[in-house]
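These are the residues of each chain, in order.
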Amino acid sequence: MDKIQISAFIFLLAMFLGLELIRKVPAQLHTPLMSGSNAISGITLIGAMVVASQAESSLGLGLASAAVGFAAVNVVGGYLVTDRMLAMFKKRGA
Amino acid sequence: MEALATILFVGAGVGFILGLRMLAHPETARKGNLVSACAMGSAVLGTLVTILEARRGLASDAVETAASASPDALLYVAGGLLVGAVVGIPAARLVKMTSMPEMVAIFNGFGGAASLLVGWGTFQRASTAHQSAQRVLDGVTGDNSAITTEVNVSLTALLGSFGGGDGRFITATIFLAILIGGVTFTGSLIAFGKLSGFITTRPLLYRGQNLINGLLLMVIAGAGVLLVMNPEESWVLPVCIGLSFVLGVAAVVPIGGGDMPVVISLLNSYSGLAACAAGFATDNTLLIIVGALVGASGIVLTRIMCLAMNRSLANVLFSGFGSVTKQSSGAKGEHREARSLTPHDAYYVLEAASSVVIVPGYGMAVAQAQHAVKELADQLEANGADVRFAVHPVAGRMPGHMNVLLAEANVPYEQLAEIDDVNPSMETVDVALVIGANDVVNPDAKGNESSPLYGMPIVEVNRARNVFVLKRSLRTGFAGVENPLFYLENTSMIFGDAKATIEALVGEFKSG
């Protein structure tokens, strides 16, 4: 199988997996889910790191570094604020 | 070393999936988020290992190519990570829970911008290599035509070899990363502006809007085709970036404040899909998987929000809902009066109540009344009443917004009910307390076919024995629709600032 095909299949399977996983999240947790998945979308960070390491011009390096910065804000801020929110969800009497 | 990177990447993939699964239960959610964060750490580490490995390979392979990978690139990466920590940590610490929608919107935008830049950077790399090859070629031309044909590598082929696939396909995915990333970026900025009040929350509409947006889409598609077919034209890429920015603005501007839950969910989905496209462009499987997970998450939430309003996604995106004030058919010509009650009188009814349902809305967030509400709930419980919170899925400005505010005020999550939990037993409820909610309790949604809200699931407080509506005035809600609830026999309005009213009620309980 050629590479694009494999990637396309991986994409589809991951989509279905995501739909199944998220469907089960109760409405109470929708905001943490959003900020959490937001943090996860900062995965672009690793793509940006690779592009930065391969950059062969100062423009390319600048673009990739900016990408690292944006994605890192997304990752760090996203996970922290999600944690802060989830810490507030308590059981009765807890 | 390569095996180590593989283990780290696979571990990261498993961590992300497990983390999302654990997010589905309030007890495990916090741990799930931690697992997910560790997965991210693992992914970053794996990437570092890969980069260092590639460096070593280059250094030992050939001395002259090693020079191309500048050694200080890693310093820039470290700098970017530092910026992320410096901006991200205080932002996450200091943001108010009522401002959560703005925070998520702006972070979404950052994710989109990052994907756009990754796409652009990937293109830039191939383009730089192409230019230097061209320069070499120019030096050789005339001397030996055989070499010319041999060295002459097209930009498309370079893009393909760097991206690990067919050149045209890679270019197309770069285009998608830029398009979706750009739309996410500016769309999120507009959403941020609307949520924080910099921009009017009313939908911005003009004649021929859909036509112009349609044309814009066609022009963008054309630019995409041009980029794929002819990447050497250096002006095409900047045009694509500019157009994607314009499209993001044009897409969000016509959407009103109350529809923001849908927009944020959708932008959330886009930020994942942009990461996905960047993954295809840079041959990074983890990016594809994780981007797809986020994309799916946004789609599910978007769907839930649309169902909760009984509107199609197209209707939310294109109709400019809430821009026109429509009259409820029942209110036409009729002169009706709403009964108003003082907090003191309301206290006597609440004091005698054994079952109370509280319906919070965006007004509660605006009045910052969640802590006072929790205190009132405590007083009611101490008084022997059963207290539940009925949270409508679209109450507030993002999915689950009210739940987070109430959790912040220490309301236990068992008390946070969904509408299907409370509606069946509504007749047995003594008092339904509506705090800053309007459209989500409009009985026209159930009984009046001509109402624009018709078909939307609501909290059916009109069936409770008593309904107290805390509101500043009889003005319409976001949808611009009259609410007949205010004029029902069993409804009383308690006018004034929600927080002040609730504090007055708490005071009555304490002194009584």
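Conventions used here
Residues numbered from 1 in each chain as written. Chains lettered and ligands numbered in written order. Predicted model: local features only at pLDDT ≥ 70, side-chain atom pairs only at ≥ 80, totals over all residues. Heavy atoms only, no water. Helix = DSSP H or I, 4+ residues; strand = E, 2+ residues; numbered from the N terminus. Buried < 20%, exposed > 50% of the residue type's maximum accessible area, 1.4 Å probe, protein only. Areas by Shrake-Rupley, 256 points an atom, 1.4 Å probe, with all protein chains shown as cover. Lys, Arg positive; Asp, Glu negative; His and termini not counted. Charge placed at Lys NZ, Arg CZ, Asp CG, Glu CD. Contact = heavy atoms within 4.5 Å. Buried area = accessible area lost by both parts, 1.4 Å probe. Salt bridge = Lys/Arg side-chain N within 4 Å of Asp/Glu carboxyl O. Domains from an automatic or database assignment. Pairing = 2+ DSSP bridges. Axes fitted to C-alpha atoms, helices over the stretch in contact; angles between N-to-C directions. Polar contact = N/O pair within 3.5 Å; in protein donor to acceptor, adjacent residues only side chain to side chain. Patch = residues over 30% accessible without salt bridge, like charges linked within 9 Å, V, L, I, M, F, W, Y side chains within 5 Å. Parallel < 35°, antiparallel > 145°, perpendicular 65-115°, else oblique. Left-handed = near helix turned anticlockwise from the far one by under 90°. Nonpolar A, V, L, I, M, F, W, Y, C, P; charged D, E, K, R; others polar. Phe/Tyr/Trp six-rings, centres within 6.5 Å; stacked < 30°, edge-to-face > 60°. Lys NZ or Arg CZ within 6 Å of the ring centre and 35° of its normal.

J.: Explain the overall build of chain B to me, please; I cannot follow it from the model alone.
T.: Broken down by element type, chain B carries 20 helices and 6 strands. Principal-axis analysis of the C-alpha atoms places the extent of chain B at approximately 100 × 50 × 35 Å. Counting all 512 residues of chain B, 54% fall into the buried class. Approximately 21,100 Å² of chain B is accessible, and the part contributed by carbon and sulfur atoms is 61%. Charge-centre separation for chain B: the mean point of 30 positive side chains lies 4 Å from the mean point of 39 negative side chains.

J.: Help me out: how do you make sense of the interface of chain A and chain B in this one?
T.: In this complex, chain A contributes 79 residues to the contact, which on the side of chain B involves 106 residues. Of the roughly 8,300 Å² buried between chain A and chain B on both sides combined, carbon and sulfur atoms contribute 75%. Seen at the junction of chain A and chain B, the total is 4 salt bridges. Measuring nitrogen to oxygen at the nearest pair gives 2.9 Å for the salt bridge that ties Arg 30 of chain B to Asp 83 of chain A. Per-element tally for the side of chain A that touches chain B: the top contributor is helix 4 (residues 58-86) of chain A, with 26 residues.

J.: Just checking my understanding: could you explain the domain arrangement of chain B for this structure?
T.: Note on interface size: it is often stated as the accessible area lost on association of the parts. As assigned here, chain B comprises domain 1 (1-94), domain 2 (104-324) and domain 3 (329-511). Here the C-alpha centroids of domain 1 of chain B and domain 3 of chain B sit 46 Å apart.

J.: What's the story with the pattern of salt bridges in this structure? I'm lost.
T.: Pairing between side chains becomes possible if they bear opposite charge and their charged atoms approach one another. All chains considered together, the criterion is met by 15 salt bridges over all chains. One salt bridge in this structure joins Glu 381 of chain B and Arg 92 of chain A, with 3.4 Å as the shortest N-O distance. One end of the pair, Glu 381 of chain B, is in helix 16 (residues 370-382); the other, Arg 92 of chain A, is in the segment after helix 4, on a second chain. On the basis of relative accessible area, Glu 381 of chain B is assigned to the partly exposed category, the value being 28%.

J.: I'm lost on the sheet that holds strand 3 (residues 416-418) of chain B in this one. Help?
T.: In sheet architecture, strand pairing relies on hydrogen bonds along the backbone and comes in two forms, parallel and antiparallel. All names here are of chain B. Taken in spatial order, the 6 strands make up an open sheet running 3-2-1-4-5-6, and their pairing is parallel. The open sheet has two edge strands, strand 3 and strand 6 (491-495), and neither has a second partner. On average, each strand axis in the sheet is inclined to that of its neighbour by 25°, with strand direction left out of account. The pairing of strand 1 (residues 355-360) with strand 2 (residues 386-391) spans 4 bridges and is parallel. Each bridged residue has a counterpart across the sheet, and for Ser 355 the counterpart in strand 2 is Asp 386. Sheet strands in contact with helix 16 are strand 1, strand 2 and strand 4 (431-435), and its direction is about 145° off that of strand 2.

J.: Looking at this structure, I do not really get the side chain of Glu 460 of chain B. What am I missing?
T.: Residues and elements named next belong to chain B. Considering the arrangement of structural elements, one finds Glu 460 in the loop between helix 19 (444-447) and strand 5 (466-471). Engagement of the side chain of Glu 460 in a polar contact is seen with the side chain of Lys 446, the distance being 3.2 Å. Discounting residues that sit within four places of it in the chain, Glu 460 has contacts with Asn 423, Met 426 and Lys 446.

J.: What's the story with the pairing of strand 6 of chain B in this structure? I'm lost.
T.: Each regular strand carries side chains that alternate between the two faces of the sheet. Residues and elements named next belong to chain B. The element strand 6 is largely enclosed, with a buried count of 4 among its 5 residues. With 5 bridges connecting them, strand 5 and strand 6 associate as parallel partners. Counterpart to Phe 468 in the pairing with strand 6 is Ser 492.

J.: Is there a simple way to explain a nonpolar patch on the surface in this structure?
T.: Together, Leu 82, Val 83, Val 86 and Val 87 of chain B make up a nonpolar patch on the protein surface, roughly 350 Å² of accessible area in all. Within the fold, Val 86 of chain B resides in helix 4 (residues 73-94).

J.: So what exactly am I meant to see when it comes to the packing of helix 2 (residues 30-40) of chain A against helix 12 (residues 285-309) of chain B here?
T.: What describes two packed helices is the angle between their axes and the distance between those same axes. Running from amino to carboxyl end, helix 2 of chain A crosses helix 12 of chain B at an angle of 155°, the nearest separation of the two axes being 9 Å. Considering the angle they form, helix 2 of chain A stands roughly antiparallel to helix 12 of chain B. In the packing of helix 2 of chain A onto helix 12 of chain B, the handedness of the crossing is left-handed. Counted together, His 30, Leu 33, Met 34, Ser 37 and Ile 40 of chain A of helix 2 of chain A and Val 290, Val 294, Ser 297, Leu 301, Ile 304 and Met 305 of chain B of helix 12 of chain B form the full contact between these two elements. The class makeup of the residues in the contact of helix 2 of chain A with helix 12 of chain B is 8 nonpolar, 3 polar and no charged.

J.: Can you walk me through the environment of Glu 351 of chain B in this structure?
T.: Residues and elements named next belong to chain B. Tracing the sequence through the fold places Glu 351 in helix 14 (residues 343-352). The class of Glu 351 is partly exposed, set by a relative accessible area of 36%. Sequence separation between Glu 351 and Phe 509 is 158 residues, and the spatial gap between their C-alpha atoms is 7.7 Å.

J.: Sorry if this is basic, but what is going on with the packing of aromatic side chains here?
T.: Aromatic ring pairs are reported here in terms of the distance separating the ring centres and the angle at which the planes meet. For the coordinates displayed, the defined rule picks out 9 aromatic pairs over all chains. Judged by centre distance (6.1 Å) and plane angle (70°), the rings of Phe 11 of chain A and Phe 280 of chain B are edge-to-face. Taken together, the residues Phe 11 of chain A in helix 1 (residues 3-23) and Phe 280 of chain B in helix 11 (residues 260-281) connect one chain to another. With a centroid separation of 6.0 Å and 85° between ring planes, the pair formed by Phe 169 of chain B and Phe 280 of chain B is classed as edge-to-face. Of this pair, Phe 169 of chain B sits in helix 8 (residues 167-196) while Phe 280 of chain B sits in helix 11, and the two are 111 residues apart along the sequence. Overall, the relative accessible area of 14% leaves Phe 280 of chain B in the buried class. Members of the aromatic cluster, connected to one another through ring pairs, are Phe 70 of chain A together with Phe 107, Phe 110, Phe 185 and Phe 245 of chain B. A cation sits over an aromatic face here: Arg 125 of chain B above Phe 162 of chain B, 3.8 Å from the ring centre.

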